[in-house]
Amino acid sequence: MLRWSAAALLVLATGLAIWGLTSRSSHPDFSQVTKGNRSGSSNDPATTCLPPGTIAEYSPLLVKEALEDAHWRGNARRGAAIFGSAHFACLSCHKVGQHGGEAGPELTNVGQRLAPSQIVESLYWPRREVRPEYRVWMAQTTTGQSVQVFFKQKTAYEVEFRDPARGTTTVLPRSELEELREVGTLMPEGLVAAMSPTQRADVVRFLSELKGPGPLVDLVQPTSHEAVAWSYAKPP
């Protein structure tokens, strides 16, 4: 049996404590964005990267921390896969390269057109700033029909709309228009809230690095579904 003196135990305990401190400082846990261990950011849960299902109101500090999170642990390749997944359906409205819809802005070179902070704002708070051509209007006709449209132009006698889903243009006489009011954007508010913090970081990193045709754009491929396991009992 080994016998340890009090002095030896004290030396051992001190050594372990010092090793623990130095190992933590040399390998920081970048997943803990809310701890402020990157740039002295706040611990206030209302202004930090929040868990799935929760998005705080707009705050410059939250934008800053989302960008830091994307920089330190975001992965553009994973972000491309998330963007193309059927679960989040980003390609239903946005085109990247050869794939995607036209209900929202094309994003092939979004990292060149927008600052990273603008990308975060558009993703987290889509109603905060909407380009005029993508503002959604609710048009109600005198026959009681209501449709969501993109407003194009109007004259003294008629109004011209674009169908968000089909991209087709419709001209409606003003005499047949009962009401026309702006309702915001087709981009769902809760989309980012449905993502995990890692998924948010990946998507922000991906969009920030989209600067035109290239290998990253080619990674975006639409997926129709995820694999599903079917169970059945084979009779004897």
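The following refers to the structure shown.

The rules behind these values
Every chain begins its residue count from 1, and numbering advances along the sequence as written. Since the coordinates come from a predicted model, pLDDT governs what is reported: local features require at least 70, and pairs of side-chain atoms require 80 or more to be given and counted, while whole-chain, interface and lining totals use all residues. Water and hydrogen atoms were dropped before computing side-chain values, which therefore reflect all heavy atoms in the structure. Definition used in this section: a nonpolar core is a set of buried Ala, Val, Leu, Ile, Met, Phe, Trp, Tyr and Cys residues joined via side-chain atoms within 4.5 Å. Any residue under 20% of the maximum accessible area for its type is buried, any over 50% is exposed, and the rest in between are partly exposed; the area is computed with a 1.4 Å probe on protein chains only. We count a stretch as a helix when DSSP gives it H or I for four or more residues in a row; a strand needs E for two or more, and each element gets its number in order from the N terminus. In this analysis, two residues are considered to be in contact whenever any of their non-hydrogen atoms come within 4.5 Å of each other. Any pair of nitrogen or oxygen atoms within 3.5 Å is treated as a polar contact; in protein, a donor-acceptor pairing is required on top of that, and neighbouring residues in sequence qualify only through side-chain atoms on both sides. Helices are assigned an expected span. That span is 1.5 Å times one less than the residue count. In this analysis an axis means a line fitted to C-alpha atoms, helices contributing only their contacting stretch, and an angle means the value between N-to-C directions, from 0 to 180 degrees. Geometric relationships in this document are graded by angle, where less than 35 degrees denotes roughly parallel, more than 145 denotes roughly antiparallel, 65 to 115 denotes roughly perpendicular, and other angles denote oblique. Note that Gly is not counted as nonpolar here; it falls among the polar residues with everything else outside the nonpolar set of Ala, Val, Leu, Ile, Met, Phe, Trp, Tyr, Cys and Pro and the charged set of Asp, Glu, Lys and Arg.

Another aspect to go through is the nonpolar core. In terms of nonpolar packing, the biggest core is built from 32 residues, with Phe83, Phe206, Leu207 and Leu210 touching the most fellow members. Counting residues per element, the ones that place at least two in this core are helix H2 (60-73), helix H3 (76-84), helix H5 (116-124), helix H6 (197-208) and helix H7 (215-218). In contact with Leu207, not counting residues within four places along its chain, are Phe83, Leu107, Val110, Gly111 and Ile119. Membership of the second largest hydrophobic core comes to six residues, among which are Ala139, Val149, Phe161 and Leu172.

Here the focus is the environment of Ala76. Relative to the assigned elements, Ala76 resides in helix H3. C-alpha separation for the pair Ala76 and Leu219, spaced 143 residues apart in sequence, amounts to 9.7 Å. When neighbours within four sequence positions are excluded, Ala76 is seen to be in contact with Asp202, Arg205, Phe206, Glu209 and Leu216.

Quick look at the side chain of Thr108 now. Tracing the backbone through its elements, the reader meets Thr108 in the loop between H3 and helix H4 (110-113). Judged by its relative accessible area of 9%, Thr108 falls in the buried class. A distance of 2.9 Å separates polar atoms of two side chains, one belonging to Thr108 and the other to Glu106.

Phi at Ala89 is positive, roughly 55°, even though this residue is not glycine. Tracing the sequence through the fold places Ala89 in the loop between H3 and H4. Overall, Ala89 belongs to the partly exposed group, its relative accessible area being 34%.

Given a rise of 1.5 Å per residue, 12 residues ought to cover 16 Å, and the 17 Å separating the end C-alpha atoms of H6 matches this to within 8%. Elements that come into contact with the buried residues of H6 comprise H2, H3, H4, H5 and H7.

Packed helix pairs are characterised by how far apart their axes lie and by the angle those axes make with each other. Where H2 meets H6, the closest approach of the two axes is 8 Å, and the angle between their N-to-C directions is 85°. As far as their axial angle goes, H6 and H2 are roughly perpendicular. From H2, Leu67, Asp69, Ala70, His71 and Arg73 reach across to H6, where they touch Pro197, Thr198, Ala201, Asp202, Val204 and Arg205. Partitioned by chemical class, the residues of the contact of H2 with H6 number five nonpolar, two polar and four charged.

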